[in-house]
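Listed here are the chains, written in short residue letters.
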Amino acid sequence: MSKLSLDRILQSQGFGSRKYCRELVSDGEVSIAGEVVDDYKLSIETDGLTFHIFEEDWEYREHVYIVLNKPANFECSRKPSHHPGVLTLLPEQFSWRDVQPVGRLDHDTTGMLLMSDDGPFIHAQSSPKRHIPKVYQATTAEPVSSELVNALLTGVQLHDEPAPLAAQWCRQLDTNQIEIVLEQGKYHQVKRMLAAAGNHCAALQRTAIGQLTLESLGLKEGEWSYLSAEQIALLVPSEI
Ligand code: URA
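Parameters at a glance
- Numbering of residues begins from 1 in every chain and follows the order in which that chain's sequence is written.
- Totals for whole chains, interfaces and linings use every residue, but because this is a predicted model, local features are given only for residues with pLDDT of at least 70 and side-chain atom pairs only at 80 or more, for both listing and counting.
- Each side-chain value is worked out from all heavy atoms of the structure, with water and hydrogens disregarded.
- Helix and strand definitions follow DSSP, with helices as H or I runs of at least four residues and strands as E runs of at least two, each counted in order from the N terminus.
- For every residue, the accessible area (1.4 Å probe, protein chains only) is compared with the maximum for its type, and the residue is labelled buried under 20%, exposed over 50%, or partly exposed between those bounds.
- Only heavy atoms enter the contact rule, under which two residues are in contact if any of them lie within 4.5 Å.
- Two aromatic rings from Phe, Tyr or Trp, using only the six-membered ring of Trp, form a pair when their centres are within 6.5 Å; if the ring planes differ by under 30 degrees the pair is stacked, by over 60 it is edge-to-face, and anything between is tilted.
- The criterion is that NZ of a Lys, or CZ of an Arg, lies within 6 Å of the ring centre and within 35 degrees of the ring normal, and then a charge sits over that ring.
- If even one non-hydrogen atom of a residue comes within 4 Å of a molecule or strand, that residue is called near it.
- Here a polar contact means two N or O atoms within 3.5 Å. Within protein one must be a hydrogen donor candidate and the other an acceptor candidate, and residues neighboring in sequence count only if both atoms are side-chain atoms.
- In this description, accessible areas are obtained by the Shrake-Rupley approach with a 1.4 Å probe, and a residue is regarded as covered only by the protein chains that are shown.
- Basically, the charged four are Asp, Glu, Lys and Arg, the nonpolar ten are Ala, Val, Leu, Ile, Met, Phe, Trp, Tyr, Cys and Pro, and anything else, Gly included, counts as polar.
- Throughout, the edges of the domains are those of an automatic or database domain assignment.
- Note on terminology: a nonpolar core comprises buried Ala, Val, Leu, Ile, Met, Phe, Trp, Tyr and Cys residues joined through side-chain atoms within 4.5 Å.
- The term buried area means the drop in 1.4 Å probe accessible area that two parts suffer when joined, counted for both and summed.
- Salt bridges are defined as contacts in which a side-chain nitrogen from Lys or Arg sits within 4 Å of a carboxyl oxygen from Asp or Glu.

Along the chain, the position of Ile-232 falls in helix α8 (residues 229-233). On the basis of relative accessible area, Ile-232 is assigned to the partly exposed category, the value being 25%. Between the alpha carbons of Ile-232 and Gln-211 there is a distance of 9.7 Å; along the sequence they are 21 residues apart. Not counting the four nearest positions on each side in its chain, Ile-232 is found in contact with Tyr-65, Phe-121 and Leu-227.

And the structure:
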């Protein structure tokens, strides 16, 4: 149980500066349980709180855990340079509360992207020590051969890595398509591994993280959803 004043609640949920949040409350923009609350100092229990603002109901969340089905031509970096940032696909409250991508996908990679404002969660999910597998479907420029799949499974040498990098799992899906599972998250890793194995990545989609699959989320490209506790529990290595 924890209580906060209404202006602090709104600020923590990304509605702007403390001053602006006080104005919103004083202007009668916020209601709770159908009643306008115009006293910003009012101390309110945050557990289970839903408030109404700008014609929408908002659930109070100490932190947000989000999954986005990232479309191509959006950048994950904080200061995007050539394409819009992925945060432009989410409500602006999430930028105010410093929601960030968990790791990065290239601007032309599509699929599952986790986002959060919970630092320890971001750190844990990105840590190579946790060995969380990431599953990708890669479309290749040249037809897939068994030599390609074997090379990716046994390991390929990337020029700035001390030792060869191997896929945790790899299989051919189609003439020009593979599924590849990586535990590490090195820069352009799938593309560089394919190039090192003598092919070229023409398109890339992330289809799963841990045991949580993109298919199970039912999100179209550009759509996002909050992650449930059950879904968060699936972001772990598989038991097999
Ligand atoms: N590997 C890549 O090459 N690009 C990505 O976006 C993710 C993994």
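In this section: the packing of aromatic side chains. As enumerated under the stated definition, the model contains 7 aromatic pairs in all. Measuring from centroid to centroid gives 6.4 Å for Phe-15 and Phe-54, while their planes differ by 50 degrees, and the two rings are tilted. Taken together, the positions of Phe-15 in the loop between α1 (6-12) and α2 (18-26) and Phe-54 in the loop between β5 (50-53) and β6 (56-59) put the pair 39 residues apart, joining distant regions of the chain. Since its relative accessible area comes to 5%, Phe-15 is described here as buried. The rings of Phe-15, Phe-51, Phe-54 and Trp-58 are connected pair by pair, giving a single aromatic cluster. When the ring centre of Tyr-226 is taken as origin, the NZ or CZ atom of Arg-61, which lies over that ring, is 3.5 Å away.

Moving on to the site of the ligand. Around the ligand, the structure places Leu-105, Asp-106, Thr-109, Tyr-136, His-188, Gln-189, Val-190, Lys-191 and Leu-204. Take Thr-109: an N or O atom from its side chain is 2.8 Å from an oxygen atom of the ligand. The contact in question runs from an oxygen atom of the ligand to an N or O atom on the backbone of Gln-189, over 3.4 Å. Protein chains shield 95% of the accessible area of the ligand, which is 240 Å² for the free molecule. Ranked by residues supplied to the shell around the ligand, first place goes to helix α6 (residues 189-196) with 3 residues. Within the shell around the ligand, the residues separate by chemical class into 4 nonpolar, 3 polar and 2 charged. Taken domain by domain, the shell around the ligand gets at least three of its residues from each of domain 2 (65-128 + 212-233) and domain 3 (133-209).

This paragraph deals with the nonpolar core. Judged by nonpolar contacts, the single largest core of 47 residues is most densely connected at Leu-10, Phe-51, Ile-178 and Ile-180. Leaving out residues up to four positions away in the same chain, Ile-178 has contacts with Tyr-136, Gln-137, Ala-138, Val-144, Val-149, Leu-152, Cys-170, Arg-171, Gln-172, Leu-173 and Leu-194.

One non-glycine residue, Asn-73, adopts positive backbone phi at about 70 degrees. Positionally, Asn-73 belongs in the loop between β7 (65-70) and α3 (92-96). Residue classification places Asn-73 among the partly exposed positions, given a relative accessible area of 41%. At His-131, a residue that is not glycine, the phi angle is positive and equals roughly 55 degrees.

Its domain assignment divides the protein chain into domain 1 (3-59), domain 2 (65-128 + 212-233) and domain 3 (133-209). Relative placement of domain 1 and domain 2: their C-alpha centres are 26 Å apart. Taken residue by residue, the interface counts 7 residues in domain 1 and 6 residues in domain 2. Between domain 1 and domain 2, roughly 510 Å² of surface is buried when both sides are summed, and carbon and sulfur atoms account for 61% of that area. On the domain 1 side of the interface with domain 2, the three residues burying the most area are Gln-13, Gly-14 and Trp-58, jointly 67% of the side's total. At the boundary of domain 1 and domain 2, one finds 0 salt bridges. At the boundary of domain 1 with domain 2, the tally comes to 1 residue pair in polar contact (both at pLDDT 80 or more). Looking at the side of domain 1 that touches domain 2 residue by residue, the class counts come to 2 nonpolar, 5 polar and no charged.

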